[in-house]
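A look at the structure
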Amino acid sequence: MRLGRLTILACSLSLAASAAAAAPATTTGSVALALAGVVAPYSPLLPAEKAAVAAFFNGDSNVPATTKITVTADKVVCRASNVDITSRSCELTFGSKTHTVKGSAANAIFATVALAGVPPDGAAGTIYEALSKLSCTLDPAVIKDKAGGGADCTFEPGN
């Protein structure tokens with residue numbers, strides 16, 4: 001009888017941990033701006049929006065943008081090999097389009113996803129950082145205030 005209760009408890013805790021891992025995560029401020037900044041160049045944003053995000057990410061808050069900018073991605077999956085240490089890449093998916101990024105740009109995306117709190121995963125010589133359902137909102141008016149706000153992201157860790 002006691003073993004049955006322990007089994008039920010263990011299964012319940014396992015299911016709760018799985019649900020928590022799939023729960024949406026958030027980040028704000030400088031980390032959210034960085035996440036939007038590394039994804040935006042590959043996203044389907046308008047050129048003026050991409051330029052505004054790049055300017056914010058490069059430290060220039062005095063841009064002509066006045067409306068909120070939303071940077072989204074269906075999936076971001078980055079890989080770095082711990083065997084072939086020269087191998088690093090990210091696949092960014094926007095609807096039916098996927099962009100593959102390699103080298104230092106992929107490393108920047110990988111590191112920023114990790115900075116946002118996404119836990120790494122690994123298998124057979126590869127370390128993964130992945131998230132899905134990314135949505136970052138940048139509010140130019142709030143960013144211009146230079147008070148730490150104006151950038152918010154939500155996403156689901158993993159793919």
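The notes below deal with the structure included here. (Residues numbered from 1 in each chain as written. Predicted model: local features only at pLDDT ≥ 70, side-chain atom pairs only at ≥ 80, totals over all residues. Heavy atoms only, no water.)

1. Some details on the packing of helix α2 (residues 29-39) against helix α4 (residues 103-115)
Our working definition: An axis is simply a line fitted to the C-alpha atoms; with a helix, the fit covers only the stretch in contact. Between two such axes, the angle follows the N-to-C directions and lies from 0 to 180 degrees. A run of H or I in DSSP counts as a helix once it spans at least four residues, and a run of E counts as a strand once it spans at least two, with each numbered from the N terminus. The labels follow the angle: roughly parallel below 35 degrees, roughly antiparallel above 145, roughly perpendicular from 65 to 115, and oblique for the rest. It is the rotation of the near helix from the far one that decides the hand of a crossing: anticlockwise by less than a right angle makes it left-handed, clockwise makes it right-handed. Throughout, a contact is declared for two residues whenever any of their heavy atoms are within 4.5 Å. When residue character is reported, Ala, Val, Leu, Ile, Met, Phe, Trp, Tyr, Cys and Pro are called nonpolar, Asp, Glu, Lys and Arg charged, and the others, Gly included, polar.
One way to put it is that α2 packs onto α4 with a least axis distance of 9 Å and a crossing angle of 150°. By the criterion of interaxial angle, the relationship of α2 to α4 is roughly antiparallel. Crossing of α2 against α4: the hand is left-handed. Residues Val31, Ala34, Leu35 and Val38 of α2 pack against Ala108, Ile109, Thr112, Val113 and Leu115 of α4. Considered class by class, the residues forming the contact of α2 with α4 number eight nonpolar, one polar and no charged.

2. A short note on the state of the cysteines
Note the threshold: Note on disulfides: each one is a pair of cysteine sulfur atoms within 2.5 Å. Partly exposed residues are those whose accessible area sits between 20% and 50% of the maximum for their type, while under 20% is buried and over 50% is exposed, using a 1.4 Å probe and protein chains only.
According to the stated counting rule, one finds two disulfides in the structure shown. Between the sulfur atoms of cysteine 78 and its disulfide partner cysteine 90 the distance amounts to 2.0 Å. Because the torsion about its S-S bond is 110°, the bridge between cysteine 78 and cysteine 90 counts as right-handed. Separated by 12 residues along the polypeptide, cysteine 78 in strand β2 (residues 69-81) and cysteine 90 in strand β3 (residues 88-94) bring together distant segments of the chain. Side by side, cysteine 78 and cysteine 90 carry an identical accessibility label, which is buried.

3. Observations concerning the pattern of salt bridges
We count it as follows: Criterion for a salt bridge: a side-chain nitrogen of Lys or Arg within 4 Å of a carboxyl oxygen of Asp or Glu.
Taken as a whole and judged by the stated rule, the model has one salt bridge. Between glutamate 156 and lysine 133 there is a salt bridge; the shortest N-O distance is 3.6 Å. Separated by 23 residues along the polypeptide, glutamate 156 in strand β7 (residues 151-157) and lysine 133 in strand β6 (residues 126-138) bring together distant segments of the chain. Glutamate 156 gets classed as partly exposed once you look at its relative accessible area, which sits at 22%.

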